[in-house]
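Given next are the chains, with one letter for each unit.
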There are 2 protein chains.
Amino acid sequence: MSNRSLILISNDDGVAAQGLGVLTDLMCQLGDVIVVAPDGPRSAASCSISPLSTITIKLVREHPGLKVYQCSGTPTDCVKLALDGLLERRPDLVVSGINHGDNASVSVHYSGTVGAAFEACMKAVPAIAYSLKTRSLQCDFRPYEAEVVRIARYVLEHGLPEDVLLNVNFPEVPELKGTRVCRTGRGRWMKEMMQVGEGEYQLTGYFQNLEPEAEDTDYWALDHGYASITPIQLDMTAHDYLNSQFTIHNS
Amino acid sequence: MSNRSLILISNDDGVAAQGLGVLTDLMCQLGDVIVVAPDGPRSAASCSISPLSTITIKLVREHPGLKVYQCSGTPTDCVKLALDGLLERRPDLVVSGINHGDNASVSVHYSGTVGAAFEACMKAVPAIAYSLKTRSLQCDFRPYEAEVVRIARYVLEHGLPEDVLLNVNFPEVPELKGTRVCRTGRGRWMKEMMQVGEGEYQLTGYFQNLEPEAEDTDYWALDHGYASITPIQLDMTAHDYLNSQFTIHNS
């Protein structure tokens with residue numbers, strides 16, 4: 001490897017996903033690239049890991065400045081394996097995606113795309129999760145390419161605060177209206193279980209935005225044609241409640 | 001079902017785990033109980049869900065005031081299925097655990113025990129995750145029983161703020177020194193991948209506490225013989241960074 005930036009890529013749609021290929025091509029503009037991605041779809045893997053399985057990894061493609069590995073584990077396993085077993089040096093940036101499907105609002109908790117970026121953040125490597133609000137496995141990613149590169153270049157140059165990563169979402173539009181830096185909006189999934197047999201269910205459902213008028217949220221940005229950048233953090237402590245309202249006594 | 005409280009229980013160690021049995025017995029003191037738990041171990045399942053699988057559920061035990069179901073899905077699937085397909089009314093409380101292994105510090109992100117409680121919180125049901133810092137599958141839970149019941153009763157009586165749940169951890173001690181209300185401590189897992197063959201790895205590693213002297217953290221409490229109660233929240237937005245330091249421009 002050269003003195004160029006080293007960028008690690010993972011995702012949760014698997015090594016064959018179109019969004020991963022696009023992200024790989026874009027990151028090759030910025031540095032040397034190692035891809036470690038699941039060998040098939042791991043949608044909604046969250047930060048799950050595989051303590052009960054042997055995790056296998058295989059080099060499937062190699063060019064100057066690029067190596068692509070497929071891994072039997074989850075997105076988080078992929079990042080752990082890359083950082084702790086595979087890479088000869090610490091990467092300058094970890095990017096995940098581009099996910100087929102948004103990871104705004106509460107979906108951030110279920111997302112394997114965000115899970116991979118979280119893992120990098122836990123290991124103090126700057127990390128970005130990219131997702132496109134689409135239901136399609138074949139998309140036109142060209143409207144977002146410049147912004148994907150711009151945000152990655154920003155993080156390579158400026159870094160991120162300790163324990164903070166970026167969750168980036170794009171709306172599916174021919175042309176972005178712009179980019180907004182947002183908080184995570186409040187929402188919930190509804191009617192999620194469809195009975196398909198005796199004692200048999202299939203996940204389904206729809207997303208309900210609980211604050212559709214809030215212009216400072218990721219979901220508002222997506223609904224109005226903007227890309228959203230949401231900084232998220234490892235610490236989930238409810239500090240306000242901890243400091244002011246929590247009356248259960250310390251015995 | 002009567003007018004008594006309705007309590008839903010899940011876990012990530014599976015329906016046969018000792019900790020689940022203990023928690024079930026304790027909650028039966030407080031109300032009618034429905035258990036929906038995975039049919040086997042789902043450790044480190046985080047908030048993962050199973051959109052690509054048919055999820056099956058089976059009633060495996062029934063007494064007055066108690067029904068126990070096993071489910072083929074993740075802890076989060078179990079809670080979704082209970083809230084959206086199985087229960088005739090909204091539960092007053094969801095509890096998860098008692099996990100064999102702590103879920104303090106960053107482990108909160110990987111935890112299926114916490115994932116189940118998170119799902120309830122997303123659906124606006126008060127929720128508590130209970131975990132014991134142990135490496136054993138057979139433990140003496142008696143030192144913690146009174147505190148498990150006390151915290152659950154507190155939440156049944158007082159509720160919790162919107163989008164906040166409780167993450168409770170116990171140290172493995174003959175007698176608790178007390179209970180501390182804490183923030184999540186900073187830490188990280190180290191040396192996590194052990195190579196076991198050509199391209200084959202097994203998850204392993206050890207936890208490094210990054211602030212061992214910080215007396216307001218969950219890990220400090222556990223290390224000093226106290227139970228920890230950490231309120232955690234759905235919103236992971238890095239508000240401090242969003243409000244003050246984030247210079248990437250809105251275009």
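Everything below is about the structure printed above this text.
Notes on the structure follow. The structure displayed is predicted, hence computed values, not measured ones.

**Describing the packing of helix α2 (residues 75-86) of chain A against helix α4 (residues 112-122) of chain A**
Residues and elements named next belong to chain A.
- Contact pair α2 / α4: the axes reach a minimum separation of 7 Å and the direction vectors enclose 30°. Regarding the angle of α2 to α4, the classification is roughly parallel. Where α2 crosses over α4, the handedness of that crossing is right-handed. Two secondary-structure elements touch here, α2 through Pro-75, Thr-76, Val-79, Lys-80 and Leu-83 and α4 through Gly-112, Gly-115, Ala-116, Glu-119 and Ala-120.
- Its residues assigned to classes, the contact of α2 with α4 shows five nonpolar, three polar and two charged.

**Thoughts on the relation of the copies chain A and chain B**
- Aligned on chain B, chain A shows an RMSD of 0.0 Å; the corresponding rotation is 180° and the shift along the axis is 0.0 Å. Considering both components of the superposition, the chain copies are consistent with a two-fold axis.
- Both copies contact each other with a shared surface, as 100% of the interface residues of chain A are interface residues in chain B too.

**Overview of unusual backbone geometry**
- For the bond running from Gly-97 of chain A to Ile-98 of chain A, omega is -10°, close enough to zero to count as cis.
- The topology assignment puts Ile-98 of chain A in strand β5 (residues 93-100).
- Backbone geometry places Ser-46 of chain B, a non-glycine residue, at a positive phi of 55°.
- Classification of Ser-46 of chain B by relative accessible area gives buried; the value is 2%.
- Its identity as a non-glycine residue notwithstanding, Lys-191 of chain B has a phi of 45°, on the positive side.
- Along the chain, Lys-191 of chain B turns up in the loop between β9 (187-190) and β10 (193-197).

**Observations concerning the sheet that holds strand β1 (residues 6-10) of chain A**
- Across the sheet, which stays open at both edges, the eleven strands sit in the order β8(A)-β13(A)-β7(A)-β6(A)-β5(A)-β1(A)-β2(A)-β4(A)-β3(A)-β11(B)-β10(B) with mixed pairing between neighbours. The open sheet has two free edges, formed respectively by β8 (178-181) of chain A together with β10 of chain B, since each of these has just one partner strand. Strand-to-strand, the axes of this sheet are offset by a mean angle of 25°, without reference to chain direction.
- In the sheet, strand β2 (residues 32-38) of chain A pairs with strand β4 (residues 66-71) of chain A via six bridges, with the strands oriented parallel. Within the sheet, the bridge partner assigned to Val-35 of chain A lies in β4 of chain A and is Val-68 of chain A.
- The sheet contacts of α4 of chain A involve β1, β5, β6 (127-133), β7 (164-171) and β13 (226-233) of chain A, and relative to β6 of chain A the element is tilted by about 170°.

**Description of the sheet that holds strand β11 (residues 200-203) of chain A**
- Spatial strand order, β10(A)-β11(A)-β3(B)-β4(B)-β2(B)-β1(B)-β5(B)-β6(B)-β7(B)-β13(B)-β8(B): eleven strands in an open sheet with mixed pairing. Of all strands in the sheet, those with a lone pairing partner are β10 (193-197) of chain A together with β8 (178-181) of chain B, marking the two edges. Adjacent strand axes in the sheet meet at a mean angle of 25° when their direction is disregarded.
- Bridge count for β10 of chain A against β11 of chain A is four bridges, and the pairing is antiparallel. If you follow Met-193 of chain A over to β11 of chain A, its bridge partner there is Leu-203 of chain A.
- Along the sheet, helix α4 (residues 112-122) of chain B contacts β1 (6-10), β5 (93-100), β6 (127-133), β7 (164-171) and β13 (226-233) of chain B; its crossing angle with β6 of chain B, the most-contacted strand, is approximately 170°.

**Side note on the interface of chain A and chain B**
- Taken residue by residue, the interface counts 80 residues in chain A and 80 residues in chain B.
- Together chain A and chain B conceal approximately 7,100 Å² of surface at their shared face, both sides included; 60% is due to carbon and sulfur atoms.
- Counting across the interface, chain A meets chain B through eight salt bridges.
- Glu-162 of chain A is paired through a salt bridge with Arg-186 of chain B; the nearest N and O atoms lie 3.7 Å apart.
- Of all the elements, α2 of chain A adds the most residues to the side of chain A that touches chain B, at six residues.
- Considering only residue class, the side of chain A that touches chain B consists of 39 nonpolar, 24 polar and 17 charged.
- Pairing of β11 of chain A with strand β3 (residues 55-63) of chain B involves two bridges; the strand directions are antiparallel. Among the inter-strand pairings, Glu-200 of chain A is bridged to a residue of β3 of chain B, identified as Thr-56 of chain B.

About the criteria used
- Residues numbered from 1 in each chain as written.
- Chains lettered and ligands numbered in written order.
- Predicted model: local features only at pLDDT ≥ 70, side-chain atom pairs only at ≥ 80, totals over all residues.
- Heavy atoms only, no water.
- Axes fitted to C-alpha atoms, helices over the stretch in contact; angles between N-to-C directions.
- Helix = DSSP H or I, 4+ residues; strand = E, 2+ residues; numbered from the N terminus.
- Parallel < 35°, antiparallel > 145°, perpendicular 65-115°, else oblique.
- Left-handed = near helix turned anticlockwise from the far one by under 90°.
- Contact = heavy atoms within 4.5 Å.
- Nonpolar A, V, L, I, M, F, W, Y, C, P; charged D, E, K, R; others polar.
- Least-squares fit on C-alpha atoms with pLDDT ≥ 70 in both.
- Buried < 20%, exposed > 50% of the residue type's maximum accessible area, 1.4 Å probe, protein only.
- Pairing = 2+ DSSP bridges.
- Buried area = accessible area lost by both parts, 1.4 Å probe.
- Salt bridge = Lys/Arg side-chain N within 4 Å of Asp/Glu carboxyl O.

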